[in-house]
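# Structural description and commentary
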Amino acid sequence: MQDKGDVLRKDHMDKWKRIFLFTITAILIYFILMTVVTPKRYKLNEGDIATVDIKAPRDIIDEEATKLKEQEVTAKVEKKFTLKNEIKIEASDNVKGFFDKLINLKSNNIDEKSKIAELKKIDTINLSDSEYKELLDLSVDKDTELQWIALTAIDKAYENQIEEDSKAIADAKSIVDQYLSRQGLESNIEVILREICESQVKANYFFDQSKTDEAIKEALKGVSKVMIKKNQIIVKEGEPITQKQINILTELGLIGEDISKDYIYTYIILFFYVLFVLILQYIYMKNENNKILNNTKLVFLILLLNLLSLIIARVFTLVSVFLIPIACTPILMTVFLGSKISIIINSFNLLFIGIIIGFEPQIILVAIVANIISSLTLKKVNQRNDILYSTAY
């Protein structure tokens, strides 16, 4: 019973050792990859002379240039106006109603003061008592004639749209004045009629903000964002740095102490990416070859080779991605564990190496081919000299 208990304790201890190994590996891989995605930071101010070319580490939108482009398009959009015909109709109805009331009052047997009081109730037209009296003293035929003259004057005033500015309204009133002056009316009657007509001249052509906004919105749909592409030079060596360049570099996280929001998201995604790949490796080892997973030394070997391949790739990338000995790890893993597990584990590991090399398609293709060929080539090789010779390449 004691021996069985010791075995259980040992298995339990080994299990926690493997969990510890996977955890440490995940942390180390995460920090290795962070050195790839984290850009180099600069201490620069406006007016400083750049000592090196500074390139964009990723694609971003040039917000300032895009905003200027949108402003140019917005400035070219014509303002939209709305013509309110009901204003002219209302003006004509006011004039007609006033004269109809005036003519009807003449047939009423009430005193003049009461008639003037009734006319004053029409608040759309305001005259003095003496002007009301003059109109009441005219004959019905004359009042009817004045009504038609006034209605015609209103029609002429609204022949053109009247915008919401004083000049447009003044021009419309001038048309009324010119028309009335040609009618051969007595001066006092002409003054009264001018006062009635001009009181009804109002703006009927209004700026429509909502339609203009819609037109601007539609025009902006065709405006493409000004992009700063990855590896595009933002600051050239030997040139003074402008505030615009400072803003772009700050947005890219190349200047300042604060971490850019975009990079925070990148770090979070990277964490789950590392976790996901390692879980895939764990699931494969558990389902395909549980003996390897239960062997702490072999698990340590696999994780160590994974780490070594990433460290080697990271170091050689600083010189050239074409110098990375991609086949080295598959060869070693094939020797110790076999070709099948070597191909699968190293295929998963390529997901990490892909980040280091920027997912260059030609390098990824070479790595896949090297992984398969190197593992299969060593499948039947047993002599040590042949193994060492192959590893060297």
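Residues numbered from 1 in each chain as written. Predicted model: local features only at pLDDT ≥ 70, side-chain atom pairs only at ≥ 80, totals over all residues. Heavy atoms only, no water.

## Considerations on the overall build of the protein
A count of helical and extended segments in the protein gives 17 helices and six strands. Over its C-alpha atoms the protein spans a radius of gyration of 44 Å, topping by over 25% the 21 Å that the globule rule assigns to 393 residues. Once the C-alpha set of the protein is aligned to its principal axes, its extents read approximately 135 × 65 × 35 Å. Counting the 393 residues in the protein, one finds 37% classified as buried. Sequence separation of 24 or more characterises 80% of the internal contacts of the protein that already satisfy a separation of 6 or more. When the accessible surface of the protein is summed, it comes to about 23,900 Å², and 58% of that surface belongs to carbon and sulfur atoms. Charge centroids of the protein, computed over 50 positive and 53 negative side chains, lie 16 Å from each other. (Helix = DSSP H or I, 4+ residues; strand = E, 2+ residues; numbered from the N terminus. Rg over C-alpha atoms; globule rule 2.2 N^0.38 Å. Buried < 20%, exposed > 50% of the residue type's maximum accessible area, 1.4 Å probe, protein only. Contact = heavy atoms within 4.5 Å. Areas by Shrake-Rupley, 256 points an atom, 1.4 Å probe, with all protein chains shown as cover. Lys, Arg positive; Asp, Glu negative; His and termini not counted. Charge placed at Lys NZ, Arg CZ, Asp CG, Glu CD.)

## Quick look at unusual backbone geometry
Trans is the common state for peptide bonds, and a negative phi is the common state for residues other than glycine. The phi torsion at N231 lies on the positive side, around 70 degrees, for a residue other than glycine. The residue N231 is located in the loop between β5 (227-228) and β6 (233-235) in this model.

## Re the packing of aromatic side chains
This model, assessed by the stated rule, comprises nine aromatic pairs. Centroid distance Y30 to F271: 6.1 Å. Interplanar angle 85 degrees. Geometry classified as edge-to-face. Of this pair, Y30 sits in helix α1 (residues 2-37) while F271 is found in helix α11 (residues 261-288), placing the two residues 241 residues apart along the sequence. In this structure Y30 comes out as buried when scored by relative accessible area, which is 15%. Grouped by ring-pair contacts, the aromatic residues Y30, F31, F271 and F272 constitute a single cluster. One Lys or Arg, K79, reaches over the ring of F207 and ends 5.6 Å from the middle of that ring. Positioned above the aromatic ring of F206 is the side chain of K84, whose terminal nitrogen or guanidinium carbon lies 4.9 Å from the ring centre. (Phe/Tyr/Trp six-rings, centres within 6.5 Å; stacked < 30°, edge-to-face > 60°. Lys NZ or Arg CZ within 6 Å of the ring centre and 35° of its normal.)

## Side note on the nonpolar core
With 45 residues, the main nonpolar core has I29, L33, V274, M285, I302, I341 and F352 as its most contacted residues. Of all elements in the fold, only α1, α11, α12 (290-294), α13 (296-317), α14 (328-337), α15 (339-356) and α16 (361-377) reach the threshold of two or more residues within this core. The contacts of I302, once residues within four sequence positions are left out, are M285, I292, M333, L337, I341 and I345. With 39 residues, the next largest nonpolar core counts I116, L119, I125 and I192 among its residues. (Core = buried A, V, L, I, M, F, W, Y, C linked by side-chain atoms within 4.5 Å.)

## Section: the packing of helix α3 (residues 85-106) against helix α5 (residues 129-137)
At a minimum axis distance of 10 Å, the contact between α3 and α5 shows a crossing angle of 65 degrees. Crossing angle aside, the handedness with which α3 passes α5 is right-handed. Contacts from F98, L102 and K106 in α3 reach Y132, L135 and L136 in α5. Residues belonging to the contact of α3 with α5 are distributed by class as follows: five nonpolar, no polar and one charged. (Axes fitted to C-alpha atoms, helices over the stretch in contact; angles between N-to-C directions. Left-handed = near helix turned anticlockwise from the far one by under 90°. Nonpolar A, V, L, I, M, F, W, Y, C, P; charged D, E, K, R; others polar.)

## Examining the pattern of salt bridges
Per the stated rule, a full pass over the model turns up 14 salt bridges. Note that K142 and E145 form a salt bridge whose closest N and O atoms lie 3.6 Å from each other. Pair noted here: K142 and E145 are both in helix α6 (residues 140-157), with a separation of three residues, about one helical turn. Overall, the relative accessible area of 38% leaves E145 in the partly exposed class. Connected through shared salt-bridge partners, K101, E118 and K121 make up one network. (Salt bridge = Lys/Arg side-chain N within 4 Å of Asp/Glu carboxyl O.)

## Remarks on a nonpolar patch on the surface
Together, I264, Y265, I268, I269, F271, F272, L275, I279, Y282 and I283 make up an exposed nonpolar region whose accessible area comes to about 940 Å². In this fold, L275 is placed in helix α11. Look at L275 and you get partly exposed, because its relative accessible area is 35%. (Patch = residues over 30% accessible without salt bridge, like charges linked within 9 Å, V, L, I, M, F, W, Y side chains within 5 Å.)

## Digging into α3
Over its 22 residues, α3 runs 33 Å from end to end, which matches the ideal 32 Å to within 8%, given 1.5 Å per residue. Restricting attention to buried positions, one finds in α3 the residues I87, A91, S92, N94, V95, F98, F99, L102, I103 and L105. Tucked inside the fold, the buried residues of α3 contact α4 (112-120), α5, α6, α8 (187-198) and β4 (205-207). (Expected span 1.5 Å × (residues − 1).)

## Focus: the environment of L146
Its place among the elements puts L146 in helix α6. Owing to a relative accessible area of 0%, L146 belongs among the buried residues under this scheme. Between the alpha carbons of L146 and L193 there is a distance of 7.5 Å; along the sequence they are 47 residues apart. Setting aside chain neighbours within four positions, we find L146 in contact with F99, L135, L138, L185, I189 and L193.

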